[in-house]
Amino acid sequence: MGKIKVHRTSPSLDMTPMVDLAFLLVTFFMLTTKFAPEEPVAVDMPSSTSEIRLPDTDILTITISKTGAVFFNMDGNYTRATLLRKMGAKYGVEFTPEETARFALLPSFGLPMNALKGYLDLSPDERKQVTNQPGIPCDSVHNELQDWIVMSRISNPKLRIAVKGDGSANYPAVKDVIKTLVDRKVNRFNLITNLERTAKD
Amino acid sequence: MSEVQQQGGGGKGDGKVRSKKSSTRIDMTPMVDLAFLLLTFFMLTTTFNKPQTMEIIMPEKPKEEEDQPLVNEKKVVTLLLSKDDKIYYYQGITDPTVEVTNFSKDGIRKILLDYNAAIKDMTVLIKPADDSRYKNVVDILDEMNITNIKRYAIVDITPVDKNLIKKKDGGETATK
């Protein structure tokens, strides 16, 4: 019919460089991504101009929620198991090996010792349902936080202590935590903050 | 990668059997789809901002009977952090004149810089009141960092300071 046939191969372009780049980026992001564990409370940290980065390991995080509840978290699965055994021995709570293993993988928690065992017996899905953890007691009458701090420092002497407070938490809650730390001779600790946006000032 | 160049190598009529041009081509579209899907996923889930930290050193608990270093009260500036992001500040300890400011750039920062220039070896006492928020404490520590003040301490608020705030607030509403 005299029609000009379009060349078959011409519309397919060479995708190779694009694919190369895509896979390079995929590999990069896959290797750099670290999934943050799900925290029981959302904390809106205040911002500061400080530019010291928080180290990745040997960190004990004390979280203070908006309502003033205190949460405890420590990294290192092995040291956590040791810590739980020591705390159990002190408070006379017996933990089974399964419970210890679960505790080692737990994100931060805010429960008094007598409620911890029951919490560890829950299934992971049930644990997610527990949204209003009361916080670790840390007032002058009944202070479990100081025992957690002492025991975790025994379990891991290299530990650095970081306080992660919600910006709108009332100061007395923070004061209790700081007082507990100073009482336990922890005079040097870190306050976790966000980086201040420079556009602000 | 998957495209093999068929040209070149050997003369034209050497009678070698050549594979067809299109046979070596693989349809890469599904692979590319997958690659971009993963790329998008990882890009969206990655957070690059690692939290910053602020190091703070609290004074050691004084042992009993141990004499504390004496400070010239003229060199002491006290900041009282109160509710609604207000800062009450005064210099000296006996019968101070209390002023109010806020956390803005022209507020506390300017005052601190002025004090720092005027007073040699100034000591700043930060006293967060019970109705102040944690953010205020971090902000004021940050200001200490910015204004390069090295001698400061976080101290518990005393009833005297609470009265000063009350007096200042009372005086302000009366003049209005």
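All figures in this text were calculated on a predicted structure; none of them were measured in a lab. (Residues numbered from 1 in each chain as written. Chains lettered and ligands numbered in written order. Predicted model: local features only at pLDDT ≥ 70, side-chain atom pairs only at ≥ 80, totals over all residues. Heavy atoms only, no water.)

*Asks:* Outline the packing of aromatic side chains, supporting the account with residue identities and numerical values.
*Replies:* Geometry of an aromatic ring pair is reported as the spacing of the ring centres plus the angle between the planes. Tallied over the full model, the rule gives 8 aromatic pairs over all chains. An angle of 35° between the planes, with centres 5.2 Å apart, marks the rings of F72 of chain A and W148 of chain A as tilted. Taken together, the residues F72 of chain A in strand β4 (residues 70-74) and W148 of chain A in helix α6 (residues 145-155) connect sequence positions 76 residues apart. For F72 of chain A, a relative accessible area of 1% corresponds to the buried category. On the accessibility criterion, W148 of chain A (0% relative accessible area) is buried. Note on Y89 of chain B and Y115 of chain B: the rings are 6.2 Å apart at their centroids and 80° apart in plane angle, and the pair reads as edge-to-face. Highlighted residues: Y89 of chain B in strand β3 (residues 86-91) and Y115 of chain B in helix α2 (residues 105-118), separated in sequence by 26 residues. You can call Y89 of chain B buried: its relative accessible area is 12%. (Phe/Tyr/Trp six-rings, centres within 6.5 Å; stacked < 30°, edge-to-face > 60°. Helix = DSSP H or I, 4+ residues; strand = E, 2+ residues; numbered from the N terminus. Buried < 20%, exposed > 50% of the residue type's maximum accessible area, 1.4 Å probe, protein only.)

*Asks:* Tell me about the interface of chain B and chain A, residues and numbers included.
*Replies:* Of the residues lining the interface, 45 residues belong to chain B; the matching set on chain A comes to 52 residues. Of the roughly 4,700 Å² buried at the junction of chain B and chain A (both faces included), carbon and sulfur atoms supply 63%. Our enumeration of links across chain B and chain A arrives at 1 salt bridge. The salt bridge partner of K175 of chain A is D130 of chain B, with a shortest N-O separation of 3.8 Å. Our enumeration of links across chain B and chain A arrives at 4 residue pairs in polar contact (both at pLDDT 80 or more). (Contact = heavy atoms within 4.5 Å. Buried area = accessible area lost by both parts, 1.4 Å probe. Salt bridge = Lys/Arg side-chain N within 4 Å of Asp/Glu carboxyl O. Polar contact = N/O pair within 3.5 Å; in protein donor to acceptor, adjacent residues only side chain to side chain.)

*Asks:* Give me the nonpolar core: which residues, what numbers.
*Replies:* Within the largest apolar cluster, 64 residues are counted, with the highest numbers of intra-cluster contacts made by L116, W148 and F189 of chain A together with L79 of chain B. A total of 7 residues in this core trace back to one element, the largest contributor, which is helix α7 (residues 171-183) of chain A. Setting aside its immediate chain neighbours within four residues, L116 of chain A contacts L84, F95, F103, F109, L111 and W148 of chain A. If you look at the next biggest cluster of nonpolar residues, it comprises 8 residues, including L80, Y90, A129 and I165 of chain B. (Core = buried A, V, L, I, M, F, W, Y, C linked by side-chain atoms within 4.5 Å.)

*Asks:* So, the sheet that holds β3 of chain B: which residues are in play, and what are the values?
*Replies:* All names here are of chain B. With mixed pairing, the 5 strands of this open sheet are ordered in space as β4-β3-β2-β5-β6. At either end of the open sheet lies a strand with only one pairing partner, and these are β4 (99-102) and β6 (152-154). Between one strand axis and the next, the sheet turns through 25° on average, direction left out of account. Taken together, the 3 bridges between strand β5 (residues 123-128) and β6 define a ladder with parallel strand orientation. If you follow I126 over to β6, its bridge partner there is I154. (Pairing = 2+ DSSP bridges. Axes fitted to C-alpha atoms, helices over the stretch in contact; angles between N-to-C directions.)

*Asks:* Got a sec to walk through helix α3 (residues 97-104) of chain A? Specific residues and values, please.
*Replies:* Residues and elements named next belong to chain A. For α3, the complete set of buried residues consists of E99, T100, F103 and A104. When α3 is viewed along its axis, its buried side chains cluster within an angular range of 140° and face the same direction. For α3, the secondary structure elements touched by its buried residues are α2 (77-91), α4 (113-121) and α6. (Arc of directions from axis to C-beta.)

*Asks:* Report on the packing of α2 of chain B against helix α3 (residues 134-146) of chain B, specifying residues and quantitative values.
*Replies:* All names here are of chain B. As a packed pair, α2 and α3 sit with axes 10 Å apart at the nearest point and diverge in direction by 45°. One finds that α2 runs oblique with respect to α3. Seen from above, α2 lies across α3 with right-handed handedness. Each of I108, R109 and L112 in α2 lies in contact with α3, whose residues at this interface are I140, E143, M144 and I146. The class makeup of the residues in the contact of α2 with α3 is 5 nonpolar, no polar and 2 charged. (Parallel < 35°, antiparallel > 145°, perpendicular 65-115°, else oblique. Left-handed = near helix turned anticlockwise from the far one by under 90°. Nonpolar A, V, L, I, M, F, W, Y, C, P; charged D, E, K, R; others polar.)

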